[in-house]
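# A closer look at the structure
These are the residues of each chain, in order.
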Amino acid sequence: MGLLDKLSGWLCLRKKEVNVLCLGLDNSGKTTIINQLKPANTQAQEIVPTIGFNIEKFKSSSLSFTVFDMSGQSRYRNLWEHYYKDSHAIIFVIDSGDKLRMVVAKEELDTLFNHEDIRRKRIPILFFANKMDLHDAMSSVRVSQMLCLDNIKDKPWHICATNAVKGEGLKEGLDWLQGNMCLSFLGHV
Ligand SMILES: Nc1nc2c(ncn2[C@@H]2O[C@H](COP(=O)(O)OP(=O)(O)O)[C@@H](O)[C@H]2O)c(=O)[nH]1
Ligand SMILES: [Mg+2]
């Protein structure tokens, strides 16, 4: 069963459209992840690194993915922020091998959580500690410590170690996200 078929469980939400935001610094692996989620015959063979401000969109039945880089693009911030309002879930991707920019990732995460359209929402946040195959990658436990994820008290969150190139770990994360979105829409969390 493909990853997208797994996500079809989200139809239980009976929402017309479920909007998932895929965020993170540039080069963390967002485009690679999104390409793993697309049906096999539409997967891009080559991933062009996202340069400057670029929003990727991917839509399938009632699921809509919006992807953008958060790093160093503060002058574009007001362009992407309006996607926050209609989001039902967030996937935040981290390059686990990029120790130097972990602080920048944390800053972006804090800015996201402080935004008025996110602060009030109890939307599930899935963290992908990506590039786990790199020999100097930090463990997902270490990544969650660096990002102080234990401080998140008002939203369900989960972190998974992934290798986006091979597609490893993505399914576990999406299973969690699916379950939490159904629960939150049904008002159980
Ligand atoms: N080793 C390794 N490389 C990865 C992984 N995920 C993505 N990459 C590579 O990291 C680079 C940036 O990926 P991309 O998806 O363009 O990142 P984006 O800027 O967040 O969209 C590309 O060369 C990818 O092939 C991974 O899990 N392991
Ligand atoms: Mg990209």
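Residues numbered from 1 in each chain as written. Chains lettered and ligands numbered in written order. Predicted model: local features only at pLDDT ≥ 70, side-chain atom pairs only at ≥ 80, totals over all residues. Heavy atoms only, no water.

### Some remarks on the site of ligand 1
The environment of ligand 1 is formed by 18 residues, the closest being Asn27, Lys30, Thr31, Thr32 and Asp133. Thr31 places a polar side-chain atom, nitrogen or oxygen, 2.7 Å from an oxygen atom of ligand 1. Asn163 has a polar side-chain atom sitting 3.2 Å from an oxygen atom of ligand 1. Burial of ligand 1 by the surrounding chains reaches 80%, relative to a free accessible area of 580 Å². Ranked by residues supplied to the shell around ligand 1, first place goes to helix H2 (residues 30–37) with 3 residues. (Near = heavy atom within 4 Å. Polar contact = N/O pair within 3.5 Å; in protein donor to acceptor, adjacent residues only side chain to side chain. Areas by Shrake-Rupley, 256 points an atom, 1.4 Å probe, with all protein chains shown as cover. Helix = DSSP H or I, 4+ residues; strand = E, 2+ residues; numbered from the N terminus.)

### Quick look at empty space enclosed by the protein
Counting across every chain of the model gives 1 cavity of 30 Å³ or more. Empty space within the largest cavity amounts to approximately 80 Å³. In terms of lining residues, the largest cavity is bounded by Leu25, Asp26, Asn27, Ser28, Val93, Ile94, Asp95, Asp98, Arg101, Met102 and Ala105. Sorting the residues of the lining of the largest cavity by element identifies strand S4 (89–95) and helix H4 (102–114) as the ones contributing at least two each. The element best represented in the lining of the largest cavity is S4, accounting for 3 residues. (1 Å grid on protein atoms, 1.4 Å probe; cavity = no way out; pocket = protein on both sides within 12 Å on 5 of 7 lines; lining within 4 Å. Points joined across faces, edges and corners; volume = space filled by probe spheres on them.)

### Points about the pattern of salt bridges
Tallied over the entire structure, the rule returns 7 salt bridges. Where Arg101 meets Asp26, a salt bridge forms, and the shortest distance between an N and an O atom there is 3.0 Å. Here the residue Arg101 occupies a position in the loop between S4 and H4, and Asp26 occupies one in the loop between strand S1 (18–24) and H2, the gap between them amounting to 75 residues. Where salt bridges share partners, they join Asp26, Asp98 and Arg101 into one cluster. (Salt bridge = Lys/Arg side-chain N within 4 Å of Asp/Glu carboxyl O.)

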